[in-house]
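# Breakdown of the fold
Listed here are the chains, written in short residue letters.
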Amino acid sequence: MSLDRYIEEMRAKATANRANETENQKAKREANLARLKEEARLAERRIAERLVKEADEAKAEASRRKEENIRFQEEVSAVINQYIQELIVQYMQKVQYDAYGNTMLDKWVKEINYFIDSVLSKNNLINKFISDPAIRTALVNHVNEAVQNSIDSDDDLSISIDSLTPIYFEHYCAGILRKNGWEARVTPGSGDQGVDIIATRGKVKAVFQCKKYSKPVGNAAVQEILAGKEFEHAMIAAVVSNAPYTPSARQLANSADVYLLHYSELQDFAGSCIASSP
C-alpha cells in the first residue's frame with residue numbers, strides 16, 4: 001500500500017470517528033434535555049400537589065378555627081347566662097356615680113376580670129385563650145354587654161330582691177329608672193339629705209328614697225324624702241320599698257304629695273309619672 005493511500009484511509013477513519021462522536025454527543029444532549037424536562041415536569045407536579053395540599057390544610061384549619069370560635073362563644077355565653085343574676089347584683093354594687101353624674105366603672109371591670117379568672121377559666125376551652133390580651137378584652141366586653149342587655153330587658157325584674165343588700169337595692173331601682181329613659185344616679189352614702197337616687201328626665205327632676213326593709217316603712221322615710229325634695233329642688237318625691245307602708249306613712253304621704261311605691265311598681269311609675277306628677 002502506498003503512503004498516499006494509507007494517509008487517505010487514516011483521514012477517512014478520522015472523519016468517520018468525528019461523525020460518530022458528534023452523533024453520540026447529540027444523543028447525549030437530547031437525553032439530558034429529555035431528563036431535565038421530565039425532572040421539571042415532576043417538580044412542577046410536586047409543587048402543584050404541595051400547593052393543593054397546603055390549600056386544603058389551610059381550609060381545614062380555617063374551618064376548625066371557625067368551629068372552635070363558635071364553640072368558644074357558645075360556652076362563654078352559657079357560663080355567663082348561668083351566673084347572670086349574680087353578675088347583675090355585682091354590677092349594681094360595683095358601678096358607681098360621682099357627684100357630677102359620671103359613671104365610674106373601675107370596680108365593675110375589676111369584678112369582671114375576677115369572674116373571668118375564677119369562673120370562666122374553669123372551662124378548658126375558654127381557659128385555652130384567656131391569656132391572649134385581645135381575647136381577654138373581648139371577654140370583658142362580652143360580660144359587660146350581657147349584663148347590660150339583661151338589665152335593659154325585662155329580665156332584671158325577675159332578680160331575687162332578697163339577694164340584694166340595701167345598697168344593691170338602690171342600684172337596682174336606679175337601673176329600672178335608667179331603663180325607662182331617666183338619667184339616674186345613686187347618691188353617696190353620707191350627706192345625701194335623705195335622697196338615695198336623683199333622677200332627671202327632660203326638665204323633670206325626681207328624688208327617691210329606697211327602703212329594703214323586713215318590716216313596714218313608717219313616717220320617717222316620708223319626712224326624709226320631703227326634706228330631700230326641698231334640698232334638691234325636685235318636682236317629684238317618692239319612696240320605693242319591698243315592704244308595705246304604715247297607715248300613718250300613707251296619710252303623711254297623701255298630704256305631702258309623696259309617692260309610696262312597691263319596687264314592682266317602679267317601672268310603670270317611671271314611664272307615667274311625668275304626666276301625673278303633682
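An account of the accompanying structure is given in this report. Note that the coordinates shown come from a computational prediction; the quantities given were computed from them, not determined experimentally. (Residues numbered from 1 in each chain as written. Predicted model: local features only at pLDDT ≥ 70, side-chain atom pairs only at ≥ 80, totals over all residues. Heavy atoms only, no water.)

## Overview of the sheet that holds strand β7 (residues 259–262)
Sheet architecture is open: 5 strands sit in the order β3-β4-β5-β6-β7, paired in mixed fashion. At either end of the open sheet lies a strand with only one pairing partner, and these are β3 (183–186) and β7. Sheet twist, expressed as the mean angle between neighbouring strand axes with direction ignored, is 25 degrees. Sheet analysis places strand β4 (residues 197–201) next to strand β5 (residues 204–211), joined by 5 bridges and oriented antiparallel. Note on β5: the bridge partner recorded for threonine 200 is lysine 205. (Pairing = 2+ DSSP bridges. Helix = DSSP H or I, 4+ residues; strand = E, 2+ residues; numbered from the N terminus. Axes fitted to C-alpha atoms, helices over the stretch in contact; angles between N-to-C directions.)

## Focus on the packing of aromatic side chains
Scanning the model with the defined rule gives 8 aromatic pairs in all. Judged by centre distance (6.2 Å) and plane angle (90 degrees), the ring pair of phenylalanine 208 and phenylalanine 269 falls under edge-to-face. A residue pair is termed long-range when its members are at least 10 positions apart, and phenylalanine 208 in strand β5 and phenylalanine 269 in helix α9 (residues 266–272) qualify at 61 residues. The residues phenylalanine 208 and phenylalanine 269 share a single accessibility class, namely buried. Through a chain of ring-to-ring contacts, three or more aromatic side chains come together here, namely Phe169, Tyr172 and Tyr263. (Phe/Tyr/Trp six-rings, centres within 6.5 Å; stacked < 30°, edge-to-face > 60°. Buried < 20%, exposed > 50% of the residue type's maximum accessible area, 1.4 Å probe, protein only.)

## Brief notes about the pattern of salt bridges
Counting across every chain of the model gives 12 salt bridges. Ionic pairing is found between glutamate 38 and arginine 41, a salt bridge with its closest N-O pair at 2.5 Å. With a gap of 3 residues between them, glutamate 38 and arginine 41 both fall in helix α1 (residues 3–82), about one helical turn apart. Measuring nitrogen to oxygen at the nearest pair gives 2.8 Å for the salt bridge that ties arginine 65 to glutamate 61. Taken together, the positions of arginine 65 and glutamate 61, both in helix α1 and 4 residues apart, correspond to about one turn of that helix. (Salt bridge = Lys/Arg side-chain N within 4 Å of Asp/Glu carboxyl O.)

Note that every value here comes from positions in space, so none of it alone points to a role or purpose.
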